[in-house]
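Residue-level listing of the chains:
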Amino acid sequence: MAPPLPSAAKVVIIGGGIAGASVAYHLTKFGWNDVVVLEQNQLAGGTTWHAAGLVGRLRTSNSLTKINKYSVELYSSLEKETGHPTGWKQVGSLIVAKSRDRMTQLQRTVAIAELMGVETHLLGPVETKQKWPLLRTNDILGAVWLPHDGKVIPQEVAAALTKGARSRGAKVCEGVRVLDIEQCQGRVCSVVTAQGRIQAEYVVIAAGIWARELGLRCGVTIPLYPVEHHYVVTEPIPGAFDELPVGRDPDLCLYFRGEGNALMLGAFQSFSKPWAVEPVPDDFSFKLLEPDWEKFAQPLANGKHRIPALATAKFAKFVNGPESFTPDNNFIIGEAPGLQNLFVLAGFNSVGIASAGGAGNYLAQWMIQGQQTVDLWSVDIRRFGPWANNRTFLRERVPEVLGLHYQMAWPNREFETGRGLRRSPLHDRLAAAGACFGARNGWERPNWFACDGIKPIVEYSFGRQNWFACHAAEHRATREDVAIFDQTAFSKYVFKGRDAVTVLQRLCGNNVDVPLGRAVYTGLFNNRGAFESDLTVIRVAPAEFYIVSGTSQTLRDLDWITRNIQPAEHAELVDVTNAYSVIGVMGPKSRSLLGRVADTDLSNSAFPFLTAQIISVGMATARAVRITYVGELGWELHVPMDQAALVYETLMAAGQDLSVRNAGHYAINSLRLEKGYRAWGAELSPDDSPLEAGLGFAIDWSKPFLGREALRKQQQGGLRRCLVVFVLEDPEPMLWGSEPIYRNSEPVGYTTSGAYGHSVGGAVAMGYVTNAQAVDRDFILSGRYEIGIAGRHYPAKAWLRPPYDPHRKRILA
Ligand SMILES: Cc1cc2nc3c(=O)[nH]c(=O)nc-3n(C[C@H](O)[C@H](O)[C@H](O)COP(=O)(O)OP(=O)(O)OC[C@H]3O[C@@H](n4cnc5c(N)ncnc54)[C@H](O)[C@@H]3O)c2cc1C
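What you see is a predicted model, and the numbers here were worked out from it, not measured in a lab.

Thresholds applied
- Residues numbered from 1 in each chain as written.
- Predicted model: local features only at pLDDT ≥ 70, side-chain atom pairs only at ≥ 80, totals over all residues.
- Heavy atoms only, no water.
- Helix = DSSP H or I, 4+ residues; strand = E, 2+ residues; numbered from the N terminus.
- Rg over C-alpha atoms; globule rule 2.2 N^0.38 Å.
- Buried < 20%, exposed > 50% of the residue type's maximum accessible area, 1.4 Å probe, protein only.
- Contact = heavy atoms within 4.5 Å.
- Lys, Arg positive; Asp, Glu negative; His and termini not counted.
- Charge placed at Lys NZ, Arg CZ, Asp CG, Glu CD.
- Pairing = 2+ DSSP bridges.
- Axes fitted to C-alpha atoms, helices over the stretch in contact; angles between N-to-C directions.
- Near = heavy atom within 4 Å.
- Polar contact = N/O pair within 3.5 Å; in protein donor to acceptor, adjacent residues only side chain to side chain.
- Areas by Shrake-Rupley, 256 points an atom, 1.4 Å probe, with all protein chains shown as cover.
- Phe/Tyr/Trp six-rings, centres within 6.5 Å; stacked < 30°, edge-to-face > 60°.
- Core = buried A, V, L, I, M, F, W, Y, C linked by side-chain atoms within 4.5 Å.
- Salt bridge = Lys/Arg side-chain N within 4 Å of Asp/Glu carboxyl O.
- Disulfide = S-S within 2.5 Å.
- Expected span 1.5 Å × (residues − 1).
- Parallel < 35°, antiparallel > 145°, perpendicular 65-115°, else oblique.
- Left-handed = near helix turned anticlockwise from the far one by under 90°.
- Nonpolar A, V, L, I, M, F, W, Y, C, P; charged D, E, K, R; others polar.

(A) Representation of the overall build of the protein in the model. Looking only at helices and strands, one finds 19 helices and 37 strands in the protein. At 27 Å, the protein has a C-alpha radius of gyration in line with the 28 Å of a compact globule built from 813 residues. Buried positions account for 63% of the 813 residues belonging to the protein. At a minimum sequence separation of 6, the contacts of the protein that also span at least 24 residues come to 72%. Separation between the mean location of the 83 positive side-chain charges and that of the 80 negative ones in the protein comes to 2 Å.

Below you can see the structure in the form of structure tokens.
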């Protein structure tokens, strides 16, 4: 019998799919037993019941792999623990490669998998055939074999998780639909159902394709949209058996596995169809959409090619199931910014079975400990602003996202759909000047500018891409002359109030109680002493700061700083990102250029490094900050949006004889890598400390700050990992990030970012070098290093200081 609906609970979880079940399982496992799961229909009746049940461990990043690895460990032991069979079979998985590029991608995958603790093997066509005898292998170059992957019966996993949660006190109520989520003073306080209200300290939205709608009701951005995902199951086929490995042929957009003595064939077509229904019907339970054989015609033809036995097969089942997709193919986890204690776990992009075990674990830890326990930035809810929740945008974007699973994972790949959402006032001018744009946090940012007859369209490859020469020219112009960068997408805030200094001093590792007009680079840390963000803080008045951080950090910083203002403190953070453009004037001739249009003494004594002043730029007025992320003399001009075009035109007109030119974000990346400047999301994350990142110089130990104790402990205990800059000795190859690093032939880490350093004459990258005993200067510098690129090892020189530094004096003078 269903338990009666309680009037209050510590946690209410909305949704009884695999995600909600996993959160309930883990919360109760960690001791939070007053948990209620509300399911509008029947458990697992949403998307979970019809999933294909593939559970792979390897993902695109270390943290996502950690999540999936946990799922595999959990699912393989869940039956023993709960007594409920989950159908777990460790059948292993195969990814085959038809094209040379795909093989390169698989070789890159194998190299990095080892570092993430996932066993992989490269197989030739003959060994591949041995693993999957029904496969056509005469046109493949090889495959990757992952022996620990497996499959489950998704509905049964959800049932086992729920059983585990129930056994520890959770209540699971089916047939209860949440109509509304209520808040009291910025905190979630209850849910309203058709059967009554339940007061709750915490609410978790784990409502699959219904999650966006629930979010809209309480002002929370959950950008996801249902997309049709198709697979078929055959009638019995000779030679098919249940223990066949899970197979994937990304070149043909296919996955396949044994299903009893039949086969399952599924597709991630390069473009799929959104399920254009609004709202999603609340009685859509244990239901499917109509079979779409037309859309499945190409995958079926491909399937018949890859598995010839399919040519004469009959089909017992066509599954057309809606699944929620997000704008970037990563799921959404975390506490909603602006609504305390409202957590979200949704938007699984067709890998929800493989991810839910680990994701539920880390979400439960996050709720109980009040902060992330591992780096979850790539799936963090705060990466999406309200711009991402537009319905028309989502409908345009998500069909491309489904296909992404099997598209080539090209370096620098950009989405083709749903573009142009956020544009700087300079956008059209830069487009006319040949800009090739990339999108970050919805902003269109110039990545590079077309030159020498090259079209501003990226031709993807793992080697040098078509923009190499244009990038080189921009890079050199910044080192030798002067370049203009549109950095409007930076996050910007005003922080003011009587207690503004007190709050910032508590949150920042560096001292920000500085004279007016000073700019300070600082990290924000959690109580583990790891990064929550890094930013530049400019004091503009005794109780007012202008704060600048990276493009993707807008909501994250807003949330972190705001939630750390204590109730009695008087201080407010306002996001002014959309009010100001940022125009970077960078290079040794930047002083000459700016001097022609500014009415200010720009000499080093009158305008020193790391200071800011309000200046005139021709007829416009800007806040000029003397700072650099490219390692050259330069100023960032923070200009009200309405005057950005004027400032740009003024600078361009004044700088013609100084060879001024546009430069893009690819140049920023290579320039900053040569100078050893770290980037949030690459070198800096909630898994990294400033000591490991080599940023100890930006800490003021003489004052208390959040994370100080943990950092002191780390300092005393010694480091086990350390960020290093590498330059390849061979000037030819490219580095993009995610390449393995070898020290004396042993794997010790992987690159966090990479680019071609035109000033150092070779590819340059950063990465953490790890050693279980200890890592110090001697350990780093005494090693012989190589970086692995698609299976080949290339000698590299390790640097603890910037590999390019002849102009240090020039930046500071
Ligand atoms: C065809 C297909 C094949 C797939 N194959 C795989 C695979 O092989 N491997 C893999 O990892 N993933 C796969 N997936 C993806 C996987 O099925 C999903 O990611 C996963 O099931 C999502 O789980 P969920 O709990 O988030 O959502 P759901 O299972 O949809 O659960 C959400 C629940 O919330 C309930 N709910 C919604 N609103 C309310 C409300 N207001 N009040 C109360 N309850 C509410 C719903 O009724 C529903 O039961 C596949 C998906 C499809 C479509």
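(B) Expanded view of the sheet that holds strand β37 (residues 792–799). The strand order β32-β35-β34-β33-β36-β37 describes a closed barrel built from six strands, whose pairing is antiparallel. The sheet shows a mean angle of 40° between the axes of neighbouring strands, taken without regard to direction. Where strand β33 (residues 740–743) lies against strand β34 (residues 746–757), four bridges are found, and the strand directions are antiparallel. Bridge pairing in β34 links Pro740 to Tyr750. Each of β32 (721–728), β34 and β35 (762–770) is contacted by helix α16 (residues 665–674), which is oriented at about 125° to β34, the strand it contacts most.

(C) Seen up close, the site of the ligand. The full set close to the ligand counts 36 residues, and Glu39, Thr48, Leu54, Glu323 and Ala354 are the nearest of them. Contacts to the ligand include Gln40, whose backbone N or O atom sits 3.0 Å from a nitrogen atom. Here the ligand has 1,000 Å² of accessible area as a free molecule, and 98% of this is covered by the chains. Counting residues per element, the ones that place at least two in the shell around the ligand are α1 (18–29), β2 (35–39), β12 (225–234), β16 (315–325) and α8 (352–369). Broken down by element, the residue count for the shell around the ligand peaks at three residues, all from α8.

(D) Highlighting the packing of aromatic side chains. One pass over the full model with this rule turns up 27 aromatic pairs. Ring geometry for Trp32 and Tyr202: centres 4.9 Å apart, planes at 50°, overall tilted. Placement of the pair is Trp32 in the loop between α1 and β2 and Tyr202 in strand β11 (residues 196–205), with a sequence separation of 170 residues. This pair shows no difference in class: Trp32 is buried, exactly as Tyr202 is. Here a set of aromatic residues connected by ring pairs shows up, and it is made of Trp32, Tyr202, Phe343 and Trp366.

(E) Summary view of the nonpolar core. Counting residues in each nonpolar core, the largest one holds 60 residues, and the members touching the most others are Ile181, Ile205 and Leu342. Looking at this core element by element, the count peaks at six residues for helix α9 (residues 391–404). Not counting residues up to four positions away in its chain, the partners in contact with Ile205 are Ile14, Ile181, Ala211, Leu214, Gly215, Ile222, Leu342, Phe343, Val344 and Leu345.

(F) Quick look at the pairing of strand β4 (residues 93–97). Most of β4 sits out of view: five of its five residues are buried. Neither face of β4 is open: one carries Ser93, Ile95 and Ala97, the other Leu94 and Val96, and all of them are buried. Here three bridges tie β4 to strand β13 (residues 246–249), and the two strands are oriented parallel to one another. The partner of Leu94 across the bridge, within β13, is Gly247.

(G) Expanded view of the environment of Thr162. Relative to the helices and strands, Thr162 resides in helix α5 (residues 154–167). A relative accessible area of 4% places Thr162 in the buried class. When neighbours within four sequence positions are excluded, Thr162 is seen to be in contact with Ala21, Leu43 and Val172.

(H) Spotlight on the pattern of salt bridges. Tallied over the entire structure, the rule returns 41 salt bridges. Residues Asp242 and Lys151 are paired through a salt bridge, measuring 3.1 Å at the closest nitrogen-oxygen approach. Separated by 91 residues along the polypeptide, Asp242 in the loop between β12 and β13 and Lys151 in strand β7 (residues 150–151) bring together distant segments of the chain. There is no split in this pair, since Asp242 and Lys151 are both buried. A single salt-bridge network, built from bridges that share partners, covers Glu335, Asp380, Arg382, Glu532, Arg556, Asp559 and Arg563.

(I) A look at the environment of Gln185. With respect to the helices and strands, the residue Gln185 is situated in the loop between β9 (178–184) and β10 (187–193). Of the residues examined, Gln185 reaches a relative accessible area of 82% and is grouped as exposed. As for Gln185 and Gln340, which are separated by 155 residues in sequence, their C-alpha atoms are 9.2 Å apart.

(J) Focus on the sheet that holds strand β24 (residues 531–541). If you trace the five strands from one edge of the open sheet to the other, you get β23-β24-β25-β22-β26, paired in antiparallel fashion. Unpaired on one side and paired on the other, β23 (519–525) and β26 (572–575) mark the two borders of the sheet. The average angle at which neighbouring strand axes cross in this sheet is 30°, direction not considered. One ladder, built from four bridges, connects strand β22 (residues 491–496) with β26; its direction is antiparallel. Counted as the bridge partner of Val494 is Val574 from β26. Packed onto the sheet, helix α13 (residues 554–563) meets β22, β23, β24, β25 (544–549) and β26 and runs at close to 170° relative to β26.

(K) Representation of the state of the cysteines within the structure. Counted under the stated rule, the structure contains two disulfides. What pairs with Cys451 in a disulfide is Cys470, and their sulfur atoms sit 2.3 Å apart. Between Cys451 and Cys470 the sulfur-sulfur dihedral comes to about -90°; the bridge is accordingly left-handed. In this pair, Cys451 sits in the loop between β20 (443–449) and α11 (468–480) while Cys470 sits in helix α11, placing the two residues 19 residues apart along the sequence. Like Cys451, the residue Cys470 is buried in the burial classification. When the bonded cysteines of the protein are counted from the start of the sequence, the pairing works out to 1-2, 3-4.

(L) Representation of the side chain of Thr48 within the structure. In this structure, Thr48 sits in the loop between β2 and β3 (54–55). Of the residues examined, Thr48 reaches a relative accessible area of 8% and is grouped as buried. In this view, Thr48 contacts Gly17, Ile18, Pro154, Gln155, Ala158 and Ile353; residues no more than four positions away in its chain are not counted.

(M) Inspection of α5 at higher detail. Here α5 spans 20 Å end to end across 14 residues, near enough to the 20 Å set by a 1.5 Å rise per residue. For α5, the full list of buried residues reads Pro154, Val157, Ala158, Ala160, Leu161, Thr162, Gly164 and Ala165. Two residues or fewer past α5, Gly169 is found with a positive phi of approximately 115°.

(N) How the structure looks around the packing of helix α2 (residues 62–82) against α5. Across the interface, α2 lies against α5 with an axial gap of 10 Å and an inter-helix angle of 55°. Taken as axis vectors, α2 and α5 run oblique relative to one another. Crossing hand, α2 versus α5: left-handed. For the pair α2 and α5, the contacting residues are Leu74, Tyr75, Leu78 and Thr82 in the first and Val157, Ala160, Leu161, Lys163 and Gly164 in the second. Among the residues making up the contact of α2 with α5, the classes are represented as six nonpolar, two polar and one charged.

(O) Summary view of the side chain of Ser581. Assignment of secondary structure puts Ser581 in strand β27 (residues 580–586). Taking relative accessible area as the criterion, Ser581 reaches 0% and is therefore assigned buried. Only 3.1 Å separates the side chain of Ser581 from the side chain of Thr488, close enough to count as a polar contact.

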